[in-house]
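Observations on the model geometry
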Amino acid sequence: MLDVKKVRGGNGLDPIGAEVDEILASAEEAARVATKSFFDSFQTDPNPAALATWLETRVWREIDYVYLLNDQIRRYGMRLQRKHITLLAKQSFQEAEHYEDLGRVLENLGGTVPTAVPAQAQEWSDWLWDCMGRHHLAGIAAWYVSETSASGSFEPTFEGCGRHGYTDVVKCYKQIEIDEKFHTGLGRQILSTYTQTDEDRAEILRAMRGMQKIAWKTFTPENVAASMAARATPAAAAN
Amino acid sequence: MCAEPSVLDNIETTHSLQVLQTTTESDSVVSLELGTSDGRPMPEWQPGAHIDVMLANGLVRQYSLCGNYADRSRWRIAVLRDPSSRGGSQFIHASVRTGQRIQVAGPRNHFPLIAAERYLFIAGGIGITPILPMLQKASETGTPWTLVYGGRSRSSMAFLDNIRRYDSGNVFLIPQDECGHIDLERFLSRLRPQTAVYCCGPGPLIDAVETVCQTFPPAALHRERFSPRQRTEVADDGSFEVMLAKSGRVIQVAAGESLLSALEDAGYKVTNSCRAGICGTCLLNVLGGTPDHQDDLLSDDQRESGTMILPCVSRCKSSQLILDL
């Protein structure tokens, strides 16, 4: 398997390359551990509603990426080579496909496809958009970490869902796994190509470090339990 | 050999078979009879089928099945000792012996015998191999046929005894040292309607047959080459030819067309995502030819190895690319 972190492009990340790779590795591992933890918990109580809740924030990420990528093009696109505008648009299209496909899976599990930021994804979404507003490369840096962290979740997801016969989830994530190679490769290439100044690098590291602290959180069983409890509370009060 | 595509079959069935017998069929051709060690019946096949033979030296070669297609106890292939061999035929002649096991995949058939009112079979050299079971089939169905079989010399022409069994005045043997080249005009110019022409042999023979048959209905001529059409230079317009080693298929990649698209159009599913040389998910192994790397991902060492390519953007510097597909 080829390593998309080594994609060709400029050398703008070279001074911070080691730290960037360390952040990515750490984010990926944190997501792997959190996902494994969720499916270990799911193994003891395989409630489809829990899996649906776990997927909910992930479904939201897909559509939030669509908004973000289109805004990236709208706000900063004229600083980019035309091929990068095309590739960002292509990524946006694929994220929309993921939103649709994962949404269908979520509905099959009895869940509801989010049309607004779920509470558990609020911190993640806020950080993404905060970075986007600050700097022309910071939004990309944040989603680069977020997408890379998702890579860590694939194997535990395949294993955990496969064990319980959720083949549609596995199939969906198999395609997402393929597309994530493109997305993370593109993120790296854009950052390497357009990063020029120390200020650029500082903003990129800020965005990446911030996302590193957040990205894994929605994968945990605790996060899922909190979401389910929050949903149950108003209903209980109504009774 | 390069097969005329008619049946696309990507499903690989691999068998470990034993060499039951080797037979010298001419001064440069040896046949191998292959079977299961426990006597289980072999998969069915029809005339025109071939198998992939995975040799111990790592090479994969395609050979036509040339035995009795009704006999499920054994398959027969025949191998020409080719001085210009890239390792396949030399290896078999030097190293394969009775009792050895070899891995094969298939059979597959890209050269099937269609129903016709009559047949004209034209074989050159080892190109007789896919034709042999066709003679059997045509004889069994009572379909009239004519065979024109050429070779360097009578001693180089394999399976003459088999062929004589079918001969009722419809077999024309043309050893070049006695008769010169096959007079194609003689056999093709007065062809009766509804005759299917089957041709297998070296490239120049097939090129000549194609030239004579230019005015024939498109479905009348069926041919199978030992090797892809030889192109001596890269076309000026950037088009090139791809040979798929596992099936022997040859695909033309037009100027402006991506290799990945050409493979997809030919029915091959290749994992991909970006189609821009970034994600690496469409990576394919290269067995021959010189890739023209246009991607953004392969390292210098990977590029220089010449063993891999990202077909979404990369092309070919040589006239032909051979893929492990």
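Residues numbered from 1 in each chain as written. Chains lettered and ligands numbered in written order. Predicted model: local features only at pLDDT ≥ 70, side-chain atom pairs only at ≥ 80, totals over all residues.

1. A word on the interface of chain B and chain A
Put simply, the test is: In this description, a residue-residue contact is defined by the distance between C-beta atoms placed from the backbone, which must lie within 7 Å. The nonpolar class holds Ala, Val, Leu, Ile, Met, Phe, Trp, Tyr, Cys and Pro. Asp, Glu, Lys and Arg form the charged class, and all remaining residues, Gly among them, are polar.
Every contact between the two is made by 12 residues of chain B and, on the other side, 14 residues of chain A. Of the residues assigned to the side of chain B that touches chain A, the class counts are 6 nonpolar, 5 polar and 1 charged.

2. A closer look at the sheet that holds strand β2 (residues 29-35) of chain B
Adjacent strands of a sheet form backbone hydrogen bonds with each other and so pair up, either parallel or antiparallel. All names here are of chain B. Condition: For two strands to be treated as a pair, DSSP must find no fewer than two bridges joining them. Segments assigned H or I by DSSP are reported as helices when at least four residues long, segments assigned E as strands when at least two residues long, and all are numbered from the N terminus. For every element, the axis is a line fit to its C-alpha atoms; helices are fit only across the contacting stretch, and the angle between N-to-C directions ranges from 0 to 180 degrees.
Spatially, β4-β3-β6-β1-β2-β5 is the arrangement adopted by the 6 strands of the open sheet, whose pairing is antiparallel. Edge positions in the sheet fall to β4 (60-64) and β5 (75-80), since each has one partner strand and no second. Pairwise comparison of adjacent strand axes, ignoring direction, gives a mean angle of 40° for this sheet. Where strand β3 (residues 49-54) and β4 come together, 5 bridges link them in antiparallel fashion. By the bridge assignment, M54 is partnered in β4 with V60. Across the sheet, helix α1 (residues 88-95) lies against β2, β4 and β5, angled at about 110° from β5, the strand it touches most.

3. Structural notes on the pairing of strand β7 (residues 118-124) of chain B
Residues and elements named next belong to chain B. Counted only if it meets this: Field definition: a residue is buried when 20 or more other C-beta atoms are found within 10 Å of its C-beta, exposed when 12 or fewer are, and partly exposed for counts in between, with C-beta atoms placed from the backbone. Every crossover in which the path from the first strand over the helix to the second runs clockwise, viewed with the strands pointing away from the viewer, is termed right-handed.
Buried residues dominate β7, accounting for 6 of its 7 residues. Bridge count between β7 and strand β10 (residues 195-201): 6 bridges; the pairing is parallel. Residue pairing for β10: F121 is matched across the bridge by Y198. Bridge count between β7 and strand β8 (residues 145-151): 6 bridges; the pairing is parallel. The residue bridging L120 from the neighbouring strand is T146, located in β8. You can see the chain leave β7, run along helix α2 (residues 128-141) and come back into β8, and the turn it takes is right-handed.

4. Topic: the confidence of the model for chain A
Quick note on the threshold: Think of pLDDT as the predictor's per-residue confidence, scored from 0 to 100.
With 97% of its residues at a pLDDT of 70 or more, chain A has an overall mean of 95. At the level of individual helices and strands, chain A shows its lowest average pLDDT in helix α8 (residues 221-238) of chain A, which scores 77, and its highest in helix α7 (residues 198-214) of chain A, which scores 98.

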